[in-house]
Amino acid sequence: MTDLLNSLTRAVHGVVRSDAAEILRVDHDASHLTGHALAVVAPRDPDDVVALVRWAREHGVPLVPRGAGTSLDGESVPMAGGVVVDLSGWNRVMEILEDERLARVGPGTVNRDLQAALAPHGLFFPPNPGSWTVSTIGGHVGTNASGPRSFRYGPTRSWVRSLEAVLGTGERVGWGGRAAKRAVGPDLLSLFVGSEGTLGITTEVTVRLAPLPAIREALVVDLPDGGPLAPVAAALARARGTGLAAVEYLDRACAAELAGPQGFDHRRDGPLLLLEIEAEDLTEARARRERVGEVLRRVGVVTEPTVYDDADVLWTLRGRAGVALDERLGHRIREDVAVPLAAIDPLVVELERISALEHVPLYLFGHLGEGNLHPNYAVDPESSSGLRVRAAVLAASSALGGTISAEHGIGAIKAPFLEREIGTPGVEVLRALKRVCDPDGILNPGKLYPSPRE
Ligand SMILES: Cc1cc2nc3c(=O)[nH]c(=O)nc-3n(C[C@H](O)[C@H](O)[C@H](O)COP(=O)(O)OP(=O)(O)OC[C@H]3O[C@@H](n4cnc5c(N)ncnc54)[C@H](O)[C@@H]3O)c2cc1C
């Protein structure tokens, strides 16, 4: 082992660490899984990444790329051991091209830092996962992350113009480019987004940007207890043109957690809708708020909303409620399914049935406007009951024409379920791609692809 570490230290210029504190840090992400890393390397530059990949191929050692390690399905956990490639030091905005609305960034750029750099230019990067204060653009590309604002703007995939990466072969590639359009066959860039560090290590990303709205306000609205959700979601989806950027749902149990954080002005014991409205001035904001109110009244939601002038205040409070849920429930089943809007209520019925059958409490929240729900079950994910709950939730979503992952990714936890969603030919296509990009299978093994025949 010492010889291996010594040869690693000789092969790269970046810092190599293998002390217990550092290993403990990278052996986890936000899932319940634990890995067993041999070492952590912080490469110095793309050439150093090439040297690291060559070393890993020569010694048959897995490499696990890592940004902030906030993945929820074990995407960044070194399950097969090996070396964690820590890109968090590559937190740099290299260039902002205002006219083209592009920014060239290092993969370790934290979403919040990027937004801070863009704000003086009147621009922003739309994807905003709940983890945006710490998670990185490289991680967003890895998982095709999205967040509340994907209701209006879509996921990370829609906002990547180009990237540079080192494949598992050690070759450097650049996919996409500054041109706003290209029609050059299947989109390699798009295939790379969401590949969870299994094809290559991203060394640079050029992201697209949107103009920052002058006003981003948030509304908190009471929902009738037990009322149908699909008509609300469908009515608001039809009203997308009214500056509506986010349509979020919290069931009664989750809303109770939100009631805790200081600064939350809306008090009621029941499910809530959280909306974000964008506008260019106060008059437009008021008009849009009234229009959204009308839309809601037509589907039976009649209560007056509480208005937050700065949407980020509400999202921060919601983030704190999430932390409270983490503390209350600890490791749990936290799923990320999405169904067609018309299937939302049958899905909720099924989720509640699973909760009753297994005698495990359900906490439900999510991006209602996109039919994307996050059922959280207070059960040990590795227990037999936890395993049954996960399988039943994923099966329910698939049966309703939905997906097993809307935004969090597949990781190690859902790899066994991938084939059911994309079929055997789909898995074979991904495997063929993997064989070309990473012939020795050193990049993030055990993730995304079903493991038995990897
Ligand atoms: C509280 C909380 C809220 C969250 N909310 C959301 C949400 O609303 N929406 C959502 O989509 N997700 C959400 N997530 C999940 C997670 O934050 C996102 O997937 C995020 O994009 C991960 O970023 P990261 O920097 O932590 O990446 P990591 O966890 O470090 O890595 C994610 C994946 O990308 C790969 N990767 C990272 N960097 C590179 C690189 N340079 N090259 C190649 N591969 C790389 C890793 O190997 C891994 O497979 C949430 C997580 C938490 C803990």
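Cut-off values and rules
Residues numbered from 1 in each chain as written. Predicted model: local features only at pLDDT ≥ 70, side-chain atom pairs only at ≥ 80, totals over all residues. Helix = DSSP H or I, 4+ residues; strand = E, 2+ residues; numbered from the N terminus. Rg over C-alpha atoms; globule rule 2.2 N^0.38 Å. Contact = placed C-beta atoms within 7 Å. Domains from an automatic or database assignment. Pairing = 2+ DSSP bridges. Axes fitted to C-alpha atoms, helices over the stretch in contact; angles between N-to-C directions. Buried ≥ 20, exposed ≤ 12 C-beta atoms within 10 Å, placed from the backbone. Core = buried A, V, L, I, M, F, W, Y, C linked by C-beta atoms within 7 Å. Expected span 1.5 Å × (residues − 1). Near = placed C-beta within 6 Å. Nonpolar A, V, L, I, M, F, W, Y, C, P; charged D, E, K, R; others polar. Parallel < 35°, antiparallel > 145°, perpendicular 65-115°, else oblique. Left-handed = near helix turned anticlockwise from the far one by under 90°.

Next up on the list: the overall build of the protein. A count of helical and extended segments in the protein gives 14 helices and 19 strands. Its C-alpha radius of gyration of 22 Å places the protein within 12% of the 22 Å reference for a compact globule of 454 residues. Along the longest, intermediate and shortest principal axes, the C-alpha atoms of the protein span 70 × 55 × 45 Å. Counting only contacts in the protein whose residues sit at least 6 apart along the sequence, the fraction spanning at least 24 positions is 72%.

As far as domains go, the protein holds domain 1 (2-86), domain 2 (93-211), domain 3 (215-327) and domain 4 (330-399). Summarising the inter-unit geometry, the C-alpha centres of domain 2 and domain 4 are found 30 Å apart.

Strands in a sheet are paired, the pairing made by backbone hydrogen bonds, and the direction either parallel or antiparallel. Pairing in this open sheet of 4 strands is mixed, and the strands run 1-2-4-3 from one edge to the other. What marks the edges here is a single partner per strand, and that holds for strand 1 (15-17) and strand 3 (63-66). The average angle at which neighbouring strand axes cross in this sheet is 25°, direction not considered. With 3 bridges joining them, strand 1 and strand 2 (residues 39-42) adopt antiparallel strand pairing. When the bridges of strand 2 are listed, Val16 appears paired with Val41. Of the strands in this sheet, strand 2, strand 3 and strand 4 (83-86) are in contact with helix 3 (residues 46-59), which crosses strand 3 at around 150°.

Below, the discussion takes up the environment of Leu188. By the secondary structure assignment, Leu188 is in helix 7 (residues 188-192). On the neighbour-count criterion, Leu188 (15 C-beta atoms within 10 Å) is partly exposed. Considered as a pair, Leu188 and Trp175 are 13 residues apart in the sequence and their alpha carbons are 6.6 Å apart.

Counting residues in hydrophobic clusters, the biggest one holds 63 residues, and the most contacted among them are Val221, Ala233 and Leu275. Built from parts of two domains, this core gets at least three residues from each of domain 3 (215-327) and domain 4 (330-399). Every residue in contact with Leu275, bar those within four places of it in the chain, is listed here: Ala218, Leu219, Val221, Leu244, Ala246, Val247 and Val292. In this structure, Val12, Leu63, Ala103 and Leu163 belong to the second largest nonpolar core, which totals 45 residues.

Note that an α-helix has 3.6 residues per turn; residues three or four places apart therefore point the same way. Helix length check: helix 3, at 14 residues, gives a terminal C-alpha distance of 20 Å against a target of 20 Å (1.5 Å per residue), a fit within 8%. For helix 3, the full list of buried residues reads Val49, Val50, Ala51, Leu52, Val53, Trp55 and Ala56. Just downstream of helix 3, Gly60 is the residue with a positive phi angle, here 60°.

Attention now goes to the site of the ligand. Surveying the vicinity of the ligand reveals 36 residues, the closest of which are Gly67, Gly130, Gly139, Gly142 and Gly197. For the shell around the ligand, the secondary-structure elements that each account for two or more residues are strand 3, helix 5 (137-143) and strand 10 (200-208). Among the elements that make up the shell around the ligand, the one with the highest residue count is helix 5 (5 residues). Broken down by class, the residue content of the shell around the ligand amounts to 10 nonpolar, 21 polar and 5 charged. Here the shell around the ligand spans two domains, and each of domain 1 (2-86) and domain 2 (93-211) adds at least three residues to it.

This next bit is on unusual backbone geometry. At Glu196, a position not held by glycine, the phi torsion is positive, near 55°. Relative to the helices and strands, Glu196 is located in the loop between helix 7 and strand 10. The phi dihedral of His359 is positive, around 55°, even though this residue is not glycine. Within the secondary structure layout, His359 lies in the loop between helix 12 (344-358) and strand 18 (362-367).

Now for the packing of helix 1 (residues 2-11) against helix 3. Between helix 1 and helix 3, the shortest axis-to-axis distance is 9 Å and the interhelical angle comes to 150°. Considering the angle they form, helix 1 stands roughly antiparallel to helix 3. Taken as a pair, helix 1 and helix 3 cross one another with a handedness that is right-handed. Along the contact surface, helix 1 presents Leu4, Leu8 and Ala11, while helix 3 presents Ala51, Leu52, Trp55 and His59.

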